[in-house]
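Residues per chain are reported as follows:
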Amino acid sequence: MSRGSGPAGISWRSTGTELGNIWGECGLSTDALANLVAAYDGRALRNKIARAMLLGIAGKCGWTLWGAIQAATSPIEFDCPPGSAAAGASSSPAPRSA
């Protein structure tokens, strides 16, 4: 196994991206990310935790860019319905029209 590789020689760059995505998309704490890194790599090194965090943030930027491009170019309506939880509404249901 070469330096910087995880189990089975899998690149830490691709794994760091996946761990960062899990951390960012699930809204996990930095302690939970440290646990993910330790479970993968056998120990929670600060540089690998920081790299996974950075790659997770980069993933969020990529999805934001994708959304902006889709909103500007796609004929598909991506907006959430008014009153939906995804649109930031309260947990109470929106009134339904008859």
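As the structure is a computational prediction, the values presented were derived from the model and not from experiment. (Residues numbered from 1 in each chain as written. Predicted model: local features only at pLDDT ≥ 70, side-chain atom pairs only at ≥ 80, totals over all residues. Heavy atoms only, no water.)

1. Section: the overall build of the chain
At step 1: Looking only at helices and strands, the chain features three helices and zero strands.
At step 2: Reading the helices (α) and strands (β) of the chain from amino to carboxyl end gives α-α-α.
At step 3: Of the contacts made within the chain by residues no fewer than 6 positions apart, 43% connect residues no fewer than 24 positions apart.
At step 4: Summed over its atoms, the accessible surface of the chain is roughly 7200 Å², and 60% of this surface lies on carbon and sulfur atoms. (Helix = DSSP H or I, 4+ residues; strand = E, 2+ residues; numbered from the N terminus. Contact = heavy atoms within 4.5 Å. Areas by Shrake-Rupley, 256 points an atom, 1.4 Å probe, with all protein chains shown as cover.)

2. Let's talk about the environment of K48
At step 1: Along the chain, K48 turns up in helix 3 (residues 46-73).
At step 2: We classify K48 as buried; its relative accessible area is 14%.
At step 3: Only 3.1 Å separates the side chain of K48 from the side chain of D41, close enough to count as a polar contact. (Buried < 20%, exposed > 50% of the residue type's maximum accessible area, 1.4 Å probe, protein only. Polar contact = N/O pair within 3.5 Å; in protein donor to acceptor, adjacent residues only side chain to side chain.)

3. Description of the pattern of salt bridges
At step 1: Tallying each qualifying case throughout the model produces one salt bridge.
At step 2: Ionic pairing is found between K48 and D41, a salt bridge with its closest N-O pair at 3.1 Å. Residues K48 and D41 agree in their burial class; the two are buried. (Salt bridge = Lys/Arg side-chain N within 4 Å of Asp/Glu carboxyl O.)

4. Regarding helix 2 (residues 30-41)
In an α-helix, one full turn covers 3.6 residues, which means residues spaced three or four apart are oriented alike.
At step 1: With 12 residues, helix 2 extends 16 Å from end C-alpha to end C-alpha; this agrees with the ideal 16 Å at 1.5 Å per step.
At step 2: One or two positions beyond helix 2, positive phi appears at G42, with a value near 90°. (Expected span 1.5 Å × (residues − 1).)

5. Observations concerning the nonpolar core
At step 1: Of all hydrophobic cores here, the largest spans eight residues; its members are L19, W23, L33, A34, V37, Y40, I49 and A52.
At step 2: Of all the secondary structure elements, the ones that give two or more residues to this core are helix 1 (12-26), helix 2 and helix 3. (Core = buried A, V, L, I, M, F, W, Y, C linked by side-chain atoms within 4.5 Å.)

6. Regarding the environment of V37
At step 1: One can find V37 in helix 2.
At step 2: On the accessibility criterion, V37 (0% relative accessible area) is buried.
At step 3: Each C-alpha atom of the pair V37 and I49 lies 6.5 Å from the other, and the pair is 12 residues apart in sequence.

7. Overview of the packing of helix 2 against helix 3
At step 1: Contact pair helix 2 / helix 3: the axes reach a minimum separation of 10 Å and the direction vectors enclose 115°. One finds that helix 2 runs roughly perpendicular with respect to helix 3. Helix-helix and strand crossings are classified by hand; for helix 2 and helix 3 the assignment is right-handed. Of the residues in helix 3, those in contact with T30, L33, A34, V37 and D41 of helix 2 are K48, I49, A52 and M53.
At step 2: Class assignment of the residues belonging to the contact of helix 2 with helix 3 gives a composition of six nonpolar, one polar and two charged. (Axes fitted to C-alpha atoms, helices over the stretch in contact; angles between N-to-C directions. Parallel < 35°, antiparallel > 145°, perpendicular 65-115°, else oblique. Left-handed = near helix turned anticlockwise from the far one by under 90°. Nonpolar A, V, L, I, M, F, W, Y, C, P; charged D, E, K, R; others polar.)

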